[in-house]
Each structure stands twice: as C-alpha cells, then as structure tokens.
Protein chains: 4
Amino acid sequence: MTNVQLTLVQIDNYGPWTVTPEPRREMDLQTLQSRLFAELAQFVGSRGGYVFFTRFDNMVAVTNGLDRADHELMQETIRNRYPVTISLGVGVAERPIDALESATAGLQRAGSAQDGDRREVLAGETLAAGERTDVDLQIAHFDVNGATEKYTDTLNEFDSFIRIEQGYAVLMRYLREEHGGLAFFVGGDNIIAVLPSMTAADYERSIDHVADTADVELKVGVGHGRTAHEAGMIAKHALEDCREDGLRVVVEE
Amino acid sequence: MTNVQLTLVQIDNYGPWTVTPEPRREMDLQTLQSRLFAELAQFVGSRGGYVFFTRFDNMVAVTNGLDRADHELMQETIRNRYPVTISLGVGVAERPIDALESATAGLQRAGSAQDGDRREVLAGETLAAGERTDVDLQIAHFDVNGATEKYTDTLNEFDSFIRIEQGYAVLMRYLREEHGGLAFFVGGDNIIAVLPSMTAADYERSIDHVADTADVELKVGVGHGRTAHEAGMIAKHALEDCREDGLRVVVEE
Amino acid sequence: MTNVQLTLVQIDNYGPWTVTPEPRREMDLQTLQSRLFAELAQFVGSRGGYVFFTRFDNMVAVTNGLDRADHELMQETIRNRYPVTISLGVGVAERPIDALESATAGLQRAGSAQDGDRREVLAGETLAAGERTDVDLQIAHFDVNGATEKYTDTLNEFDSFIRIEQGYAVLMRYLREEHGGLAFFVGGDNIIAVLPSMTAADYERSIDHVADTADVELKVGVGHGRTAHEAGMIAKHALEDCREDGLRVVVEE
Amino acid sequence: MTNVQLTLVQIDNYGPWTVTPEPRREMDLQTLQSRLFAELAQFVGSRGGYVFFTRFDNMVAVTNGLDRADHELMQETIRNRYPVTISLGVGVAERPIDALESATAGLQRAGSAQDGDRREVLAGETLAAGERTDVDLQIAHFDVNGATEKYTDTLNEFDSFIRIEQGYAVLMRYLREEHGGLAFFVGGDNIIAVLPSMTAADYERSIDHVADTADVELKVGVGHGRTAHEAGMIAKHALEDCREDGLRVVVEE
C-alpha cells in the first residue's frame, strides 16, 4: 500500500505581482518561473523527492523523506534570493489525489492565493520517520512509441506537440479519475505519474485507453521505492527494458 | 499583414543522452531543461523576442529582430556552458504555422533529432532589416476568468490544472486549425498566442468555442508590433483593460 | 578543540578545456564558474556547510555534516548538468590548514589537475557521526569599519577595492601563518575565516596587525558550532553586537 | 588612443539588506551575488562587453557598444527577478581609471550606497556610435607560468591561492599607479586588465616588477578592439602564442 507525501508549492500573490505597478516583461516572468522551478527541483531532488512544474505558480512536489525543517529551509532560501515568497501545503495519503487534496486544503484554509497578507504559510504534517516503508511510492514513467520518427522528424514542431499533448491530456484524466493518480508531462515525449498500487493489467488498460482515445501509443516502466527518486529510477530502468524487449508494460516489484 | 520569424530550438540527440550510459536523475534533467529554457528566454527576450518551452527538448522562439549572428552566438554560449548543444531552424511566413513548418523542415532535412552526428545545425534565413515593419507580429494574451476563485482557491491543484489544461488544449487546436496560429501555455492561467492578422470577431469566436467545448471562460488582449515583446506588452495592457472594464476582447490597433 | 572537515573542489582538467579547441568567450567562462560556485553554495549550504570560491577552478568547502554519499551526489549532479566534472578531496584536522593539506594531498596523489584521464576522484574520509561535537567549528566574520563612508562613497570603485583587498591580503597571510586558519573574501567588505580555537586576545592582535600593516580597521564577530552555518550565524550576530556597541571583537562562547 | 566606457554596477543599499531583519544565511548571499554577477556577465558579454565581479556588491563592466537603452533594460530585468535593485554609473575616458572615476562620481553625487531612498540611479553618458573606433580598447590577458606544476599540484590549495593572490595584488597596484589601468583576477591563474595604450616594453616592465616583488612569473597576451570581447579574444590568442613559443609578451597590433 502506497503512502504518498505531497507538497503543494504556491507562489504568494503571484498574479497581482506580475502586473504591479504595470505588466512585467514576459520573458522575465518566464525566466523567474523556470529558475524557481529549477531551484526546487535541485533542493527537493537532491533529497530524494520530485517536483513537477504544473502551472509554475503552483507546483506539486513528492516529498517523502523531507521533514518540516526541510520545508522551512526551502521557504527561507527562496525568500532570500527571489522577489517572491512561497507557501507550502503538505498532505499524506494512500492515493496521491487525496494527499494533494489535503495539501491544497491546508493552504486554502489559510486564505486566498491572491491574498496579499497571506505569506509563507506552512500547513500540514510530514510523515514521521517510523511510518515510512520501502514501498511508499509507486512511480510510472511513460513515453511515446516512435515519437522521434513519427512526430519530431516528420511533422512541424507544433503538430508534434499537439499529438504528445493530446496523449498526455487523455492519460492524466484517466489516471486521476480511475485511480486517483497524478500524471505530469516532463518534456520530450515523457510523462511521469505518481500512483497508488496498480497492477500490470491496470497499466495495460491505461495505455489502451490512450491509444483508443487519442491515437497515441505509449509504453511504461513502473517502480516502487521509499522515495520518488528510488521508485522513479527503477521505473526508468523498467522503461529501458520495455525498449529493448519490445514490451508495453514492465512493472518492477 | 503579419510577417513572423520563428526559430525552432532543438537539443541535439537529447533523448539518447538522457539515458547514456544509464538513465540520469530525473530532477537533474528537469533542472537542466528549465535552466536551458531560462537561458534562451533571457537571450531572446532581451533582444525583443519570445521563447516558449513547448516540449523543452524542442522549443519555439519568435525571433523577429534577431539575425544570423545572434543565432550563432546563442549556439556558442550554450555549447560553452551546457553538456548539450542546440540546433536552430529559422522560418519566415505570414502565418506562424507556415513559418514553423519551414523552420522545422530545415532541421529535418539536416538529419534526425536523434542522429548523433547532426550537431549545431543552423538552417534557414532571417528577415532582412529592410523587410521588417511595425505590424509584423500579432500577439494575443489570454487568461481564464476568475481562475483564482473558481479553481485555485476551490479545487485541489491537480483538478485546477486539468481545467486550465483542457481550456488550453481546445484553444491551441482551434487556433492552429482555423488560423494557423500557435498558442502556448505560459503558466498560471495564461496562454500567449502568435497569430496572423485576426479580427475582434475572430477572437470572440475562439473564446466562444473554448467556452462551449471545455466550459472554460477566457478573455484576451491583443497587440501588434515590430517584435514579440512590443506586441506582447501591448497585449498585456489590453488584457488589463479587459479586466478593468469587464470586456472579453480588447484588440489594440 | 576544533575538528574541521574541509573539501577541496577541483574542476577536472579545466585550464586546457577553456582553450580547446580554441579560447572560449571569457564571459561564458565567468558565467560557468560563478554558476558552478552558486550550485555548490546551495548544495553544501543547505546541508549546513560553507563553500568559498577561492580561485573558482579550485574551491574550498567546509563540509562538517556532509558524508561520502553527499559528496558523490554533488559529483553526479554536476556531471549531469555542466560540461565539466569535479574531483573532491576531503581532509579532517584540528587546524583548517592541516585539513586542507590532507584534502589537497588526496587529489594530488591521484594525478595532476591537468591530467585528462583523472576525472571525478573522491579522496579522503569524512567525519563519522559519532566523532562530531558542538564546537567542531570556529568561524570568524570580519568587516571593515566605515567602509561605505571611507571608501565606497568617497573613492572610485577600484581604489576602494584596492584598500579592501590590501586589508584582506594581510589578514589572510597572518591567520594562515600564525594560526593555521583560512580567511576568505566573500564580497563587499566582508571576510569569513575558518579557524582553530582562538581567544579574544588572538583576534585583537590580528586586527592590530592589519591596522598597522595595511591601515585598514577591522572588527570581528566569532561563533562556534557543529556546522559552518551554525558557527557562522552566531558570528554574524556577534558582528552585529560589535556594530551596536562599538566593539572590535565579540567572541560568543 | 583608447576610449574606454566603464559602468559601475552597485547593488542598492545591499549591506543593510543582508542583515535585515536579521543576518541572512551566508550561502544564500553567496548564491545571490554570484548569480547576479553571472546574469550581468551574460547580458553584457553577449553584447561584446566584459564584467568583473570585484567586490560583488560593486562590479565594474567594460560596456563599449552598450547604449543607454541597454543599461535601462539591465536594471529592469534585475528588478523583475531579484530581491535587490542596481544603480549604474557610466564614464568614458582615455584611461580606464578616469572612466571609472567619472562612473563612480555619478553614483556618489546621487547619494550614498547605503541610502535606502537612492534606487536604480542611471548616471553618465554612453559613447555615441560615431565616436567609436576599432582601437577603443586594449585588453591584456596575463597568466602565471607553470601554475599547475609549481602551485596546484604541489602546494595545498590555500598556499597556492596566496601565491596567485600576491602576484595579482602587486600587478593591480602597479598598473593602476603607473598606467591608470584596471586589472582583475578572473579565476585560476588568470588576470585580465583593461589598459590605456601601452607598449610591449611597458608590459615587460610590469612582469619584471611582479617577479621582483612577489616572486611570481607572469606572461601576457595583448589585443585591441572595438569591444572588450574583440580585444580580449585577440589577447587570448596572443597568450596562446606566448605558451607555444615560450614568450613572455605578445602584443597584437
């Protein structure tokens, strides 16, 4: 049974800031957002977690292994080096969607994302060390079969992007609705999902659904672990096994 | 009549690199990708252009105002500071999709994105200074009405993201198919599109289509300019006017 | 009695790389060096350590609290995201200079800094958790009295810099020769030193020596701790006490 | 005859900010400073200029080729993405020290570096395009003979650093006093100097002076150009010629 600790990272009052006193240069905003994400990717990633950029002003992190002091330090280092601050909501549950629901609710109770007085909230509790197990996380790494040949080397880049994006849109909704899992596009033709315990047959059905609905062929490697990094690295190797052996689904137990 | 110069930025042989000699830490890849994007956002952005992250291994830039030497310098500085190199394809056309088709074709002719010997291609021609006009670009900046109240402060972050993503998915396909325009999600509830000459009525129809299909309410500000930055800044102000006056579409002539 | 763990960070074969196949743009090299330093400052700093840029191609880190796995991860993340790799030598001793001597020797035994085949060495042993105490580190934070009024607001910037630099040059040599301590210029008018156990009288003499030799007036706050961050933060507060109370030396026991 | 445009970059009210409301984490400050420097190195460097980190809170840039709009854009992009702002003073003169004197005076007239109300000053005038020539800049690139063998591979890193630092300290003072030139340590065993017109014999005497006073053996390559980058790249190639041919001074006319 999985036990997922998710952290919602929310830039405080970001929307209003981007247009005060007047709209800021778009490329400066893009730079700020992507560097802030990179910052968190390193902080969380070097402690075994994962962060996904989602909407950039709201990011979702898998933080099994990070405690409250780690979260406070993350807030401090952003405050010291960026013109914005971040609030953090933490949630723990068997299903990722329930953990995120709880993480989000913690911030929502503290006020609106655009409340200028609500700054650097840290809501929710992290997992105690004693409650953690080696199978707390199930991570699936999907990619698109033949993406380079079928899309990148054949279509213009926007039409390639539309195809990949369509596959992602179908998969994300399916996993969220059927399993309470969270799937994130991570660049190229790659999608990484945080999931509750799912079987190989569940993955087969997911891939069939995407093929039927969006005409995009996926394959997937799946791993378990104590942290997102551990589970994700096993998933990556499983995906390599798919590639080499021509399989659609490899679940490492 | 618009005259759009687009540059396709493609990381050379990136997919294979990410798994050689074995899969690399995902958060390192995420950091690398987002910092590379930020790098280009500053380089292109401080010269009046725009870059969109698209799939990260392939990015689309609006480069009116950047010449061949600028493109070469961009390749040089990435080669000097990153473990990867980039190829660039440039295309010019009235419709953005045609410019991108041409930009993409330049790279495709030079070899596959995963050809290990194809490195640092620079294909295509930039606009001569004498051909440029003050209305070469039309940029539209969309956002979602009441996103904070309806989504961010109410739903869990993933369900908010799904709603925004659905609105984006419908809009991107509509603009591409109906107008040959390119729309990019840029974070939060914002979408920026590069478009051929379109009327206020065209924008009304786009917004209606998204409302009807995805049940997401958009508004849009539109600007013209010699560079993406100029057009985009006017669009941002027009969007502020929408907000203040309760309008759905403001097109600055 | 202090117990200092120092890590020498050395970019592998960097000199030759900067001119191969021909000299690289200087500002790209400066960017690469300063970003690499920033990277390590975050990695080490968020784990309680300190890094000093020294010569940039060789950097000195105070790594009490970081174990071998942390060092390996630091090498991995640099390899994944930069065009260069780093070797690390670790040394532990009561006096900082002896720790650095040992850290340096570990790398030197493995080959020359410009040996193209010597890559990603990790030499030396970190402190076992059981050997660590709350007074392993003594950190002193010096600054220049009235630097803004006397220099920055009065002289041209280069002449200000020369004065600060002269004060630093005298202090660094004095502390190294008299005490086996390591002093680093950290920007502005600030110098941070890692020292063995020294008394307030020792600090008075150091400051007198700099005043007599270089005509630069310093003050200093000193702290002890289990990590560089802990000791350094106490030193910063002690320096604030100097400022408020007009003292030259405040040593927090 | 050289015609040097220098820009003094000064972080506004930085000292007080670093200790408000209480002292900030040192590694966050180091990260902020070095990333800010890297930012400017890219901005200025990709336009043909050079920036030197000097004291980090005050940096000196060679900005021939950058106009007032470029300087304003630099201020805007920092304001948009950092928690601090910068003031800029520009000066032009035949001798670098006179240009810097003028650049510094412009900021000093506007108020103290620690005046909380003095923000984003832009003082002084840039060179008109018509006044620029192909020999406006003379850049010299020095390095230390046998630094790797004599120092890096033999001494501990701090003692290597002291030797290099001593050589630099002597050279910087000599060039400033004898020629009104500005020399900057740029990492490793490299020193880059911005100088007025100097002869090969002048360089021989400089090198002799450093050898006699600090017992450090230097060699130097010298170039001229319209921008710092052009002059500096020629200087780098000249230094390579020194290396290959065993020469101490190569001045490219």
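Residues numbered from 1 in each chain as written. Chains lettered and ligands numbered in written order. Predicted model: local features only at pLDDT ≥ 70, side-chain atom pairs only at ≥ 80, totals over all residues. Heavy atoms only, no water.

- The name that an unreviewed UniProt entry assigns to chain A is GTP cyclohydrolase III, with the source organism given as Salinirubrum litoreum.
- If you open the UniProt record of chain A and go to Function (unreviewed entry), you find "Catalyzes the formation of 2-amino-5-formylamino-6-ribofuranosylamino-4(3H)-pyrimidinone ribonucleotide monophosphate and inorganic phosphate from GTP. Also has an independent pyrophosphate phosphohydrolase activity." (UniProt positions renumbered as here; feature names shortened; annotations may be inferred.)

1. A closer look at the relation of the copies chain C and chain B
Now for step 1: Between chain C and chain B, the superposition needs a rotation of 180° and an axial shift of 0.0 Å, giving an RMSD of 0.0 Å. Both chain copies can therefore be described as sitting about a two-fold axis. No C-alpha of chain C approaches the rotation axis more nearly than that of Pro83 of chain C, which lies at 2.1 Å.
Now for step 2: Counting the interface residues of chain C, we find that 100% of their copies in chain B are interface residues as well, pointing to one common contact surface. (Least-squares fit on C-alpha atoms with pLDDT ≥ 70 in both. Contact = heavy atoms within 4.5 Å.)

2. Thoughts on the pattern of salt bridges
When the charged atoms of two side chains lie near each other, side chains of opposite charge can form a pair.
Now for step 1: Summed over all chains, the structure comprises 76 salt bridges over all chains.
Now for step 2: Between Arg248 of chain A and Glu204 of chain A there is a salt bridge, and its shortest N-O distance comes to 2.5 Å. You can see Arg248 of chain A sitting in the loop between α8 (228-245) and β10 (249-251) and its partner Glu204 of chain A sitting in helix α7 (residues 200-214), a full 44 residues away along the chain.
Now for step 3: Given the relative accessible area of 27%, Arg248 of chain A is considered partly exposed.
Now for step 4: Note that Arg248 of chain D and Asp208 of chain D form a salt bridge whose closest N and O atoms lie 3.0 Å from each other. Highlighted residues: Arg248 of chain D in the loop between α8 (228-245) and β10 (249-251) and Asp208 of chain D in helix α7 (residues 200-214), separated in sequence by 40 residues.
Now for step 5: The partly exposed category is assigned to Asp208 of chain D, whose relative accessible area is 34%.
Now for step 6: Several salt bridges share partner residues, and in doing so they unite Asp28 and Arg35 of chain A together with Glu39 and Arg81 of chain D into one network. (Salt bridge = Lys/Arg side-chain N within 4 Å of Asp/Glu carboxyl O. Helix = DSSP H or I, 4+ residues; strand = E, 2+ residues; numbered from the N terminus. Buried < 20%, exposed > 50% of the residue type's maximum accessible area, 1.4 Å probe, protein only.)

3. Focus on the pairing of strand β3 (residues 58-62) of chain B
Residue and element names in this part refer to chain B.
Now for step 1: In terms of burial, β3 is largely enclosed, as five of its five residues are buried.
Now for step 2: Burial along β3 is two-sided: the residues Asn58, Val60 and Val62 and Met59 and Ala61 are all buried.
Now for step 3: For strand β1 (residues 4-11) and β3, the ladder comprises five bridges, and the chain directions are antiparallel. Within β3, the position partnered with Gln10 by the bridge is Asn58.
Now for step 4: With three bridges connecting them, strand β2 (residues 50-52) and β3 associate as antiparallel partners. Along β3, the bridge assignment pairs Val51 with Ala61.
Now for step 5: Between β2 and β3, which pair antiparallel one after the other, the connecting turn spans five residues, and Thr54 there sits at a positive phi close to 45°. (Pairing = 2+ DSSP bridges.)

4. As for the nonpolar core
Taken as a class, soluble globular proteins show a tendency for nonpolar side chains to be buried jointly.
Now for step 1: Within the largest apolar cluster, 110 residues are counted, with the highest numbers of intra-cluster contacts made by Phe142, Leu175 and Tyr203 of chain C together with Phe158 of chain D.
Now for step 2: Among residues more than four places away in sequence, those in contact with Leu175 of chain C are Phe142, Gly180, Gly181, Ala183, Ala193, Leu195, Met198 and Ser206 of chain C.
Now for step 3: In terms of nonpolar packing, the next biggest core, distinct from the first, is built from 109 residues, Val84 and Val144 of chain A together with Met59 and Ile86 of chain B among them. (Core = buried A, V, L, I, M, F, W, Y, C linked by side-chain atoms within 4.5 Å.)

5. So, the interface of chain C and chain B
Now for step 1: If you look at the interface, chain C gives 16 residues, while chain B gives 16 residues.
Now for step 2: Around 1300 Å² of area is buried between chain C and chain B when both sides are counted, 43% of it from carbon and sulfur atoms.
Now for step 3: Taken as a group, Asp28, Asn80 and Arg81 of chain C account for 42% of the area that chain C buries against chain B, more than any other trio of residues on that side.
Now for step 4: Our enumeration of links across chain C and chain B arrives at four salt bridges.
Now for step 5: In this structure, Glu39 of chain B engages Arg35 of chain C in a salt bridge whose closest nitrogen and oxygen atoms are separated by 3.1 Å. (Buried area = accessible area lost by both parts, 1.4 Å probe.)

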